[in-house]
Amino acid sequence: MSEKKILVAVFSASGVTRAVGEEIARVAGADFFEIVPRQRYTADDLNWMNKKSRSSVEMNDPSARPEIADAADVASYDAVILGFPIWWGVAPRIIETFLESHDLSGKAILPFCTSGGSGVGRSDVSLHKNAPGAKWAKGVQINRPNAGEIRKWLEQAL
Ligand SMILES: Cc1cc2nc3c(=O)[nH]c(=O)nc-3n(C[C@H](O)[C@H](O)[C@H](O)COP(=O)(O)O)c2cc1C
């Protein structure tokens with residue numbers, strides 16, 4: 001689909017974003033990398049009704065940077081397709097960890113999100129500060145692993 005060497009990197013707590021990311025990698029002929037937290041999120045951690053749950057505490061703290069188990073080897077890629085679920089209207093803090101701990105300068109970043117209903121909003125733009133040297137494409141919401149929708153997006157975005 002493209003001459004570019006592409007990495008699809010996703011964080012997914014409950015599998016939705018992972019399934020979309022795997023389909024994007026298949027359609028784009030890209031490599032796939034899962035951003036795995038050093039400490040995985042339990043169901044209790046994800047409880048947004050509880051102000052003291054791990055996800056609530058992290059999302060209330062803009063400086064929280066949950067650790068990632070293994071770094072991705074991004075050096076050889078021209079573009080990174082970055083997938084995340086929307087948490088409280090934005091990207092989970094671990095996405096900021098990913099952006100700050102890899103050298104993405106000069107690379108294209110194509111953000112996509114899944115969500116329970118919110119759009120991508122400013123979740124993509126608010127990440128630009130974490131990798132200011134990257135070439136940021138406009139973020140999109142892709143909630144289902146639909147090859148046709150994904151192909152259409154990639155054709156104009158890549
Ligand atoms: C802590 C937390 C906060 C969330 N906040 C939002 C939100 O603000 N808006 C929304 O539409 N969905 C929200 N969701 C739903 C997720 O974005 C949605 O279920 C997503 O597809 C999950 O992706 P995953 O299975 O890859 O983790 C939230 C989910 C969690 C766990």
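Everything numeric here is computed off the predicted structure, so don't read it as measured data.

Student: Mind showing me how you'd approach the site of the ligand here?
Tutor: The environment of the ligand is formed by 19 residues, the closest being Ser12, Ser14, Thr17, Ile86 and Ser118. Between the ligand and Val16 there is a distance of 2.8 Å, counted from an oxygen atom to a backbone nitrogen or oxygen. Within the side chain of Ser118, one N or O atom sits 2.6 Å away from a nitrogen atom of the ligand. When the free accessible area of the ligand is taken as 650 Å², the share hidden by the protein chains comes to 84%. More than half of the atoms of the ligand fall within 2 Å of the grid points belonging to the largest pocket. Tallied by class, the residues present in the shell around the ligand amount to 8 nonpolar, 11 polar and no charged.

Student: What should I look at first to understand the layout of surface pockets in this one?
Tutor: Where empty space is left becomes clear once a probe the size of a water molecule has been rolled over the atoms. Of the volumes computed, that of the largest pocket is approximately 410 Å³. What lines the largest pocket is a set of 16 residues, and nearest its centre among them are Ser14, Trp48, Pro85, Ile86 and Trp87.

What counts and what doesn't
Residues numbered from 1 in each chain as written. Predicted model: local features only at pLDDT ≥ 70, side-chain atom pairs only at ≥ 80, totals over all residues. Heavy atoms only, no water. Near = heavy atom within 4 Å. Polar contact = N/O pair within 3.5 Å; in protein donor to acceptor, adjacent residues only side chain to side chain. Areas by Shrake-Rupley, 256 points an atom, 1.4 Å probe, with all protein chains shown as cover. 1 Å grid on protein atoms, 1.4 Å probe; cavity = no way out; pocket = protein on both sides within 12 Å on 5 of 7 lines; lining within 4 Å. Sits in = over half its atoms within 2 Å of the grid points. Nonpolar A, V, L, I, M, F, W, Y, C, P; charged D, E, K, R; others polar. Points joined across faces, edges and corners; volume = space filled by probe spheres on them.

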